[in-house]
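Coordinate inspection notes
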Amino acid sequence: MTFRTRFAPSPTGPLHIGHAYSAIVAHDMAKAAGGAFLLRMEDTDLQRSKAKWDAQIIEDLSWLGLTWEEPVLRQAQQLPCYDPALRKLEELGLLYPCSCSRADIRAAMAAPQEGVDHDVYPGTCKHRYMSDRQTGDALRLHLDRALDLLNDKDVSFTETGGTHKGTHRLNPELTLKTIGDVVLSRKGEEIVAYFLASALDDITQGITHVVRGEDLFDFTQIQVILLAVLDLPIPIYHHHGLIRDDAGKRLAKRDDARAIAKYREDGASPSDIRAMVGL
Ligand code: GLU
């Protein structure tokens, strides 16, 4: 199996030092294994994703000396590709329409971040059927049913990152309590949510190792559940530690002072950046 990994930023802000670390770790792992490193723009949030951030991220990654083997995949340019998976989930009875507020849904569709609470959906629309779906409704995963479907299957995934290294089984109780019925799509606007788009693209791009920050570790359960109900292979995961500020907080996109572009302006070199993140 040739090692294939990716860096999958959402172009909703500048590349900061935490992202750069993630990209370099994935890139270096691929090179060390004689494998491939790919770049994927997770730009399905059509309002917050901006061409200027997409271009800046590419410029900063190139400046850092990273190269990727294939053309950049932009999710927003291939939205219909996610439809067959949504249809299959619907056929399996694993989706229901949800008309809860746009703000709630928007928050639920973004990639989760440490320090930003992930609200477990209270199930207001859970009684609804796909047959009474209205334009603009979101589609949610009926998590209990998905877990029931996988009940007699031995679903697990391998983690090679430090803190969580080992084999992990599905943890239905914890997933129901802490993640819940995530939004997978808002059909009226043809938008597919992070959880589904990212998991599917890992498979279509032939990713063998998903390398990313450990803030996404808990949410891996949902992605593994989605892949398992869709009968798709499950990649190996590697969640690395996060670059934190002096107060121990994960760096967020709004920490512009930590943007690679800012370090470049101040005269830092790519090797200074590597040294700063301990590589
Ligand atoms: N697009 C996600 C983010 O920027 C990362 C997704 C992933 O690596 O799985 O937070």
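Residues numbered from 1 in each chain as written. Predicted model: local features only at pLDDT ≥ 70, side-chain atom pairs only at ≥ 80, totals over all residues. Heavy atoms only, no water.

**A look at the sheet that holds strand β3 (residues 73-74)**
One open sheet holds the three strands; their spatial order is β1-β2-β3, and the pairing between them is parallel. Because the sheet does not close on itself, it has two edges, and the strands there are β1 (4-7) and β3. Across two bridges, strand β2 (residues 36-41) lies against β3 in parallel orientation. Bridging from a neighbouring strand, M41 pairs with R74 of β3. Its contacts with the sheet put helix α2 (residues 51-63) on β1, β2 and β3, and the angle it makes with β2 is roughly 160 degrees. Each of β1, β2 and β3 touches helix α7 (residues 194-204); the most contacted strand, β2, lies at about 150 degrees to it. (Pairing = 2+ DSSP bridges. Helix = DSSP H or I, 4+ residues; strand = E, 2+ residues; numbered from the N terminus. Contact = heavy atoms within 4.5 Å. Axes fitted to C-alpha atoms, helices over the stretch in contact; angles between N-to-C directions.)

**A short note on the site of the ligand**
Near the ligand you find R6, A8, P9, S10, E42, A111, Y194, S198, R212 and L216, and these make up its full shell. In this structure, an oxygen atom belonging to the ligand sits 2.8 Å away from a side-chain N or O atom of R6. Contact between the ligand and R212: an oxygen atom at 2.8 Å from a side-chain N or O atom of the residue. Coverage of the ligand by the protein chains reaches 88% of its 300 Å² of free accessible surface. Here the shell around the ligand is composed, by residue class, of five nonpolar, two polar and three charged. (Near = heavy atom within 4 Å. Polar contact = N/O pair within 3.5 Å; in protein donor to acceptor, adjacent residues only side chain to side chain. Areas by Shrake-Rupley, 256 points an atom, 1.4 Å probe, with all protein chains shown as cover. Nonpolar A, V, L, I, M, F, W, Y, C, P; charged D, E, K, R; others polar.)

**A closer look at the sheet that holds strand β4 (residues 95-98)**
Spatial ordering of the open sheet is given by β4-β5-β8-β9, a layout of four strands whose pairing is antiparallel. Looking at which strands have only one partner, the edges of the open sheet turn out to be β4 and β9 (191-192). Summarising the sheet, strand β5 (residues 138-141) and strand β8 (residues 183-186) pair through three bridges and their orientation is antiparallel. Bridge pairing in β8 places R140 opposite V183.

**Examining the nonpolar core**
In terms of nonpolar packing, the biggest core is built from 43 residues, with L89, L141, L184, F195, L196, I222 and L226 touching the most fellow members. Where this core is concerned, the elements lending two or more residues are α3 (83-91), β5, α5 (143-149), α7 and α8 (220-229). Each residue touching I222, except ones within four places of it in the same chain, is listed here: L141, L143, T175, I179, G180, V182 and F195. Counting 26 residues, the second-largest nonpolar core is a separate cluster that includes L15, Y21, L64 and I243. (Core = buried A, V, L, I, M, F, W, Y, C linked by side-chain atoms within 4.5 Å. Buried < 20%, exposed > 50% of the residue type's maximum accessible area, 1.4 Å probe, protein only.)

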